[in-house]
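Spelled out, the chains give:
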Amino acid sequence: MATFFDTHAHLDYPDYASDFAEVIARAHAAGISKIISIGTSLDSSERAIRLAEKFPAIYAAVGWHPSDAMKAPSDLRPALREMCKHPKVVAIGEIGLDYHRLPSMSGTQGGASVPASRLVSSLAPPIQSADDARYKQKQADIFQQQLEVAAEAGLNCVIHQRDAFDDTLAQLKPFAGKVRGVFHCFGENTGRMKQVLDIGSLVSFTGIVTFKNGQNVRDTVAATPLDKFMLETDCPYLAPVPYRGKRCEPAYVKEISETVAQVKNCSLEELSAATCKTAHEFFPKLAA
Ligand SMILES: [Zn+2]
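The following paragraphs examine the structure supplied in this document. This structure is a prediction, so every number in the text was calculated from the model and none was measured.

A closer look at the coordination of the zinc ion
Part 1: Protein coordination at the zinc ion: the donors are His8 (NE2), His10 (NE2), Glu94 (OE) and Asp234 (OD), at 2.1 to 2.6 Å from the metal.
Part 2: Viewed at the metal, the four donor atoms of the zinc ion are separated by angles of 86 to 172 degrees, and the geometry they form is irregular.
Part 3: Mapping the donors of the zinc ion onto the primary sequence yields the spacing H-x1-H-x83-E-x139-D. A residue pair is termed long-range when its members are at least 10 positions apart, and glutamate 94 in strand β4 (residues 89-98) and aspartate 234 in the loop between β8 (229-231) and α9 (253-264) qualify at 140 residues.

Have a look at this one:
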C-alpha cells in the first residue's frame, strides 16, 4: 500500500476528544504514516507537542493563527523559541495573514461596528476603518515575529493566507533563502502557484481537490511540478468526497491522494514517493 503523510491536521481540537485513538488507528490502516498537528495559539501548540510526545506518528508545528491575532501577546518569540527546541517540533505554523473577515465586515472584532465596505459602491474608494488597520497591523506584527523565530531556529513555516496573497508573499520574500513556506490549503491559480515556487516555497492541497466545484484547484494541481507540493487534510475541516460535510480526519488523505494521482496522471506509488520526499526535505526533523 502506498503511504502518505497528513502535513496539516488540527488534532488538538475538541472534535477528536471522544475517539482520538481510533482516529489515529484509522489513519495507520489507510497508510497515513505521519501526521503534523498544527498549532493555532500557544495553548494549541502546547497541546500539539503533548500529542507528539504520546504518539510516534504525530509531529507538531507551533505558531499563532492570524485570525486570532488580537488575542496574541505582544511578543510571541520567547515562548516559541522554547517550543522549537523540542525534537518533534518540525515547523512554525500556522502563521500568515487573513483578511477574509475584517472588523468592518463583521463588526465583531475590536469594538465599534461600522458599515460593511462591500455595501459601498465599488466605484468609491474602499473604506478602511481604524479597526481594520489595527487588526492588519497586529497580524503583520505577529507574522514577522514568527518568521524571525523560524529563521533563528532553522525551521520552515506553514503559511495560512486568505484574501491576502500579495501581502503574505511580500512579507515572506525577504526571508527567502532562510525560511521556506508551505502555502497550505492552496486554492489559488497557476500564476500564483508559480509566484510561491519562485521564492523557494511550496504549496499543499486539501480535500477541495475532490469537490465537484474544485476544478480551479485541480487545474493548479495539474500545473504544479510533482516535487513541489504536499498533501494535507486541514482536518477537522474540508473532508474530501465522499465524506464532504462530515468531520474530516487524517485517514482521508487516501481519498485526496487518489484524486491527485488521477490529476497528475501518475501512480499512487509515484505520488507517495514524491510527496513524502518533499515533506522530509521541507520538515527535516521528521524522522526517516
Ligand atoms: Zn489549519
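Looking at the packing of helix α5 (residues 130-153) against helix α6 (residues 165-172)
Part 1: Viewed as axis vectors pointing N to C, α5 and α6 meet at an angle of 35 degrees, and their least axial separation amounts to 11 Å. In terms of crossing hand, the pair formed by α5 and α6 is right-handed. Across the interface between the two elements, Ala140, Phe143, Gln144 and Leu147 of α5 pack against Thr168, Gln171 and Leu172 of α6.

Here we look at α6
Think of an α-helix as turning once every 3.6 residues; residues three or four places apart then point the same way.
Part 1: Of all the residues in α6, the buried ones are Phe165, Thr168, Leu169, Gln171 and Leu172. Seen end-on, α6 carries its buried residues on one side only, within an arc spanning 165 degrees.
Part 2: Where the residues of α6 are buried, they touch β4, α5, β5 (156-162), β6 (181-183) and α7 (190-198).

Describing the sheet that holds strand β3 (residues 58-62)
Part 1: Sheet architecture is open: eight strands sit in the order β1-β2-β3-β4-β5-β6-β7-β8, paired in parallel fashion. This sheet does not close on itself; its edge strands, each paired only once, are β1 (4-9) and β8. Here the average twist between neighbouring strands, direction ignored, is 30 degrees.
Part 2: Two elements, strand β7 (residues 202-205) and β8, share three bridges in a ladder whose sense is parallel. Paired with phenylalanine 205 across the two strands is leucine 231, which belongs to β8.

Considering unusual backbone geometry
Part 1: With omega at 15 degrees, the peptide bond leading from cysteine 235 into proline 236 counts as cis.
Part 2: Its identity is not glycine, yet aspartate 163 carries a phi of approximately 55 degrees, on the positive side.
Part 3: When you line up the elements, aspartate 163 lands in the loop between β5 and α6.
Part 4: Positive phi outside glycine occurs at leucine 238, with the angle close to 60 degrees.
Part 5: Within the element layout of this structure, leucine 238 appears in the loop between β8 and α9.

Side note on α7
Part 1: All of the buried residues in α7 are Met193, Val196 and Leu197. Projected down its long axis, α7 carries its buried residues within an arc of 95 degrees, all on one side.
Part 2: Where α7 begins, the side chain of asparagine 189 points an oxygen toward the backbone nitrogen of glycine 191, at a separation of 3.2 Å.

Considerations on the pairing of β3
Part 1: In terms of burial, β3 is largely enclosed, as five of its five residues are buried.
Part 2: Alternating residues of β3 divide into Ile58, Ala60 and Val62 and Tyr59 and Ala61, and every residue in both groups is buried.
Part 3: Traced from strand β2 (residues 32-38) through helix α2 (residues 42-54) to β3, the parallel crossover comes out right-handed.
Part 4: Inspection of the sheet shows β3 paired to β4 by three bridges, in the parallel sense. Looking at the pairing, alanine 61 lines up with alanine 91 of β4.

Quick notes on the rules
- Residues numbered from 1 in each chain as written.
- Predicted model: local features only at pLDDT ≥ 70, side-chain atom pairs only at ≥ 80, totals over all residues.
- Heavy atoms only, no water.
- Donors = N, O, S within 2.8 Å, 3.2 Å for Na, K, Ca; no water.
- Tetrahedral: all angles 85-135°; square planar, octahedral: opposite > 155°, others 65-115°.
- Helix = DSSP H or I, 4+ residues; strand = E, 2+ residues; numbered from the N terminus.
- Axes fitted to C-alpha atoms, helices over the stretch in contact; angles between N-to-C directions.
- Left-handed = near helix turned anticlockwise from the far one by under 90°.
- Contact = heavy atoms within 4.5 Å.
- Buried < 20%, exposed > 50% of the residue type's maximum accessible area, 1.4 Å probe, protein only.
- Arc of directions from axis to C-beta.
- Pairing = 2+ DSSP bridges.
- Polar contact = N/O pair within 3.5 Å; in protein donor to acceptor, adjacent residues only side chain to side chain.
- Right-handed = clockwise from strand over helix to strand, strands pointing away.

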